[in-house]
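# Structural overview for review
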Amino acid sequence: MEFKHWQQKIFFYLTTLCLQKFIKEDVPDLPDETPENNSFLVIEAWKHSDFLCKNYILSGLEDNLYNVYSGVETSKELWNALEKKYKTEDARKKKFAAAKFLDYKMVDSKSVITQVQELQVIIHDLLAEGLVINETFQVASIIEKLPPLWKDFKNYLKHKPKGVENVTLLKAFSS
């Protein structure tokens, strides 16, 4: 499962248990004039809730990750460690998807429709990673990636007036 999806599910779960605040909060810093009894109770209540929160997060991890992260002290440290590790991996996925899109080249030996469909899958992957590509850019990219035998048609499309025609091209290949 992708980290963003897992994180949203765990955050929702913690929210239903009213524990989500512990992924952002440190141990409360109480004023010096707080009576020792009250201070002890507040800190112990916080530690108990943080313990629950941390273990709910840990229980959502796969066993091998549970062992790696079980020694983390607080929910906040755990949450931040997971974000640091997996948000970096998400960034790599975005770079990979973008590179795949940029490197894609159509060839004469396959049907253009099949290749446009492959390109649409790549575009879908980009969108799934949160990278937004407007329709005009998608159309221009498809035109630029047309195979060499389509050179005349490609030039025709590139030099005709802007407008609905290019959007129609994208919709024709989408069907």
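Our subject is the structure listed above.
My aim in this report is to walk through the structure given alongside it, one point at a time. (Residues numbered from 1 in each chain as written. Predicted model: local features only at pLDDT ≥ 70, side-chain atom pairs only at ≥ 80, totals over all residues. Heavy atoms only, no water.)

## Remarks on the environment of glutamate 118
Inspection of the secondary structure assignment puts glutamate 118 in helix H5 (residues 112-128). Look at glutamate 118 and you get partly exposed, because its relative accessible area is 27%. Residues glutamate 118 and tyrosine 104, 14 residues apart in the sequence, show an inter-C-alpha distance of 9.2 Å. When residues no more than four places from it in sequence are discounted, the contact partners of glutamate 118 are Tyr104 and Lys110. (Helix = DSSP H or I, 4+ residues; strand = E, 2+ residues; numbered from the N terminus. Buried < 20%, exposed > 50% of the residue type's maximum accessible area, 1.4 Å probe, protein only. Contact = heavy atoms within 4.5 Å.)

## What about the nonpolar core?
Within the largest apolar cluster, 18 residues are counted, with the highest numbers of intra-cluster contacts made by Trp6, Leu14, Cys53, Ile57, Tyr69, Leu78 and Leu82. Non-local contacts of tyrosine 69, meaning those with residues more than four positions away in its chain, are made with Leu58, Leu61, Leu78, Ala81, Leu82, Lys85 and Tyr86. Residues Tyr104, Ile123, Ile133 and Val139 belong to the second largest nonpolar core, which totals 16 residues. (Core = buried A, V, L, I, M, F, W, Y, C linked by side-chain atoms within 4.5 Å.)

## Focus on the pattern of salt bridges
One pass over the full model with this rule turns up three salt bridges. Where glutamate 44 meets lysine 47, a salt bridge forms, and the shortest distance between an N and an O atom there is 4.0 Å. One end of the pair, glutamate 44, and the other, lysine 47, are both in helix H2 (residues 36-59), three residues apart, so they sit about a helical turn from each other. Look at lysine 47 and you get partly exposed, because its relative accessible area is 43%. Of the charged contacts, one joins glutamate 118 and lysine 110 as a salt bridge, the two residues approaching to 2.6 Å between their closest N and O atoms. Since its relative accessible area comes to 37%, lysine 110 is described here as partly exposed. (Salt bridge = Lys/Arg side-chain N within 4 Å of Asp/Glu carboxyl O.)

## Let's talk about unusual backbone geometry
Despite not being glycine, cysteine 18 has its phi angle at roughly 60°, a positive value. Its location among the elements puts cysteine 18 in the loop between helix H1 (3-16) and H2.

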